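If you want the building blocks of each chain, they are given just below.
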Amino acid sequence: MANYFKNISKIVYEGSKSDNPLSYKYYNPEEVVAGKTMREHFKFALSYWHTLCATGVDMFGEGTADKSFGTADSVDHAKHKVHACFELLDKMGIDYFCFHDRDIAPEGANLAETNKILDVIVSEIEGAMKTSGKKLLWGTANLFSNKRFVHGAGTAPNADVFAYAAAQIKKALEITVSLGGTGYTFWGGREGYETLLNTRMGFELDNMARLMQMVVEYGRKIGFTGDFYIEPKPKEPMKHQYDFDAATTHAFLQKYGLMNDFKLNIEANHATLAGHSFQHELAYCRENGLLGSIDANTGDLLLGWDTDQFPTSIYEAAFCMLEVLKNGGFGTGGLNFDAKARRGSFDQEDIFLSYISGMDAYALGLKIADKIMQDGRIDKFVTDRYASYQTGIGADIVSGKAKLEELEKYALEMGEVTTNTSGRQEYLESLLNQIIIG
Ligand code: XLS
Ligand code: CA
Ligand code: CA
């Protein structure tokens, strides 16, 4: 095993009384909650891009964290990153990872050369996966960093760019399949527009769907049995991104006949940017059979951009895990920390502390979600709230028996509605606290 993180040993569960910052206080992988071990519930995944690649570069300044792993930017560096990744997975007890093609290997002079470099790194990853037993949760192609994608990839106005993007996805999908990934993600970073003065929105969306249909067809041909995911995000880098939120993406999937092959990858911070709560997006997916995977991070509510912070709010984690439990767990997906330490947190140790904070928050969230379900009072309140649809006129509405004429007759006879009851939001909020604290 590599030793890039010399001063840090394996992070283990020590319980809530431990004052060792480099230990899990709540994430106990073998502890059974709601019928499954925590490890099985979460399928925690490391994000290659933030963890191995991001140095803290921002629009105003250079990187602050050293991710050189002892060598300059080259194929050699890419190999070192692979081994650093597997050392991190091992030391943190994380079973899965996710990557973009360009996170794992640098681009060569042309596409053929780039693909050759990828092959070298993928075989390195394959070897490390074999010896460690770690797994790929999902793969994806970076169709937003290179300047060729300035106007988009699948939605570019230039057919040569579309073709390049298709070729890049083909390779990324082959890699995902060869490494046993159970998901393939589309995040439409530059699939959108800045102004409708130069954009044919309908044509661009048709093209995006054409690309996805081709990818599904090819993926199934080469034996991909997992799910394709779309990861909604309303803006950034584009002013308007097509996959704005879960509902917009749902409409797209239905219009283009993609519902059988796609689910959504919901990111907490993207929900915030869309003006929704994280739970709203997850509940929408659950209600529509679309919950695929989760990018668990958090934004800063005082900022309007994608800060990708490690999540620590136990309320947010609980609401998320409540949706996951109600969904019967993830299908092919898991919980990926698409999150990075702050620019000011640049020590090697900060990587570990960040993951610990996120995993512990989710462990608590799962336990709280289970308590809410076991307690049953909130669920019962909600069931009772809709009781009028179980009998009489309500049952006739749901069954389709009552038409406008019957409803008019009923309303005329009733005269006025006298049966409204309080929504008791304040009671429910305090009940929630009571359930959490016990
Ligand atoms: C960016 C996205 C990206 C996707 C994968 O905001 O979150 O990281 O998860 O391309
Ligand atoms: Ca993401
Ligand atoms: Ca993000």
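Heads up: the structure comes first, above all this text.
What this report covers is the structure whose coordinates are included nearby. (Residues numbered from 1 in each chain as written. Chains lettered and ligands numbered in written order. Predicted model: local features only at pLDDT ≥ 70, side-chain atom pairs only at ≥ 80, totals over all residues. Heavy atoms only, no water.)

Turning our attention to the overall build of the protein chain. From N to C terminus, the protein chain includes 16 helices and 12 strands. For a compact globule of 438 residues, the expected C-alpha radius of gyration is about 22 Å, and the protein chain comes in at 24 Å, within 12% of that figure. The C-alpha extent of the protein chain, read off along each of the three principal axes, is 80 × 60 × 45 Å. Here the protein chain holds 438 residues, and 49% of them are scored as buried. A fraction of 75% describes how many contacts in the protein chain between residues 6 or more apart in sequence connect residues 24 or more apart. Of the accessible surface of the protein chain, which amounts to about 21,000 Å², a share of 54% is contributed by carbon and sulfur atoms. In the protein chain, 44 side chains carry a positive charge and 59 a negative one; their mean positions are 3 Å apart. (Helix = DSSP H or I, 4+ residues; strand = E, 2+ residues; numbered from the N terminus. Rg over C-alpha atoms; globule rule 2.2 N^0.38 Å. Buried < 20%, exposed > 50% of the residue type's maximum accessible area, 1.4 Å probe, protein only. Contact = heavy atoms within 4.5 Å. Areas by Shrake-Rupley, 256 points an atom, 1.4 Å probe, with all protein chains shown as cover. Lys, Arg positive; Asp, Glu negative; His and termini not counted. Charge placed at Lys NZ, Arg CZ, Asp CG, Glu CD.)

Every protein donor of the calcium ion (ligand 3) is listed here as Glu267 (OE), Glu267 (OE), His270 (NE2), Asp306 (OD), Asp306 (OD) and Asp308 (OD), and their distances to the metal cover 2.3 to 3.0 Å. Overall, histidine 270 belongs to the buried group, its relative accessible area being 4%. (Donors = N, O, S within 2.8 Å, 3.2 Å for Na, K, Ca; no water.)

Quick look at the pairing of strand β6 (residues 183-186) now. Residues Gly183 and Thr185 line one face of β6 and the alternating positions Tyr184 and Phe186 line the opposite face, and both faces are buried. Here β6 runs beside strand β8 (residues 227-230); their pairing, made up of 4 bridges, is parallel. The residue of β8 that forms the bridge with threonine 185 is tyrosine 229. (Pairing = 2+ DSSP bridges.)

Burial along strand β3 (residues 44-47) is two-sided: Phe44 and Leu46 facing one way and Ala45 and Ser47 facing the other are all buried. The pairing of β3 with strand β4 (residues 96-100) spans 3 bridges and is parallel. Counted as the bridge partner of serine 47 is cysteine 98 from β4.

It is worth spelling out the site of ligand 1 at this point. All residues adjacent to ligand 1 are Trp49, His100, Trp187, Glu231, Lys233, Glu267, His270, Asp295, Asp306 and Asp338. Interatomic distance of 2.8 Å between a side-chain N/O atom of aspartate 338 and an oxygen atom of ligand 1. Computed on the free molecule, ligand 1 has an accessible area of 300 Å², of which 94% lies beneath the protein chains in the complex. For the shell around ligand 1, the per-class residue count stands at 2 nonpolar, 2 polar and 6 charged. (Near = heavy atom within 4 Å. Polar contact = N/O pair within 3.5 Å; in protein donor to acceptor, adjacent residues only side chain to side chain. Nonpolar A, V, L, I, M, F, W, Y, C, P; charged D, E, K, R; others polar.)

Bringing the coordination of the calcium ion (ligand 2) into the picture now. Protein ligation of the calcium ion (ligand 2) involves Glu231 (OE), Glu231 (OE), Glu267 (OE), Asp295 (OD) and Asp338 (OD), the donor distances falling in the range 2.0 to 3.2 Å. A distance of 4.1 Å spans the gap from the calcium ion (ligand 2) to the calcium ion (ligand 3), which glutamate 267 bridges by coordinating each metal. Residue aspartate 295 is located in strand β11 (residues 291-295), and its partner aspartate 338 is located in the loop between β12 (335-337) and α12 (348-375); the two are separated by 43 residues in the primary sequence. Aspartate 338 shares its class with aspartate 295; the two are buried.

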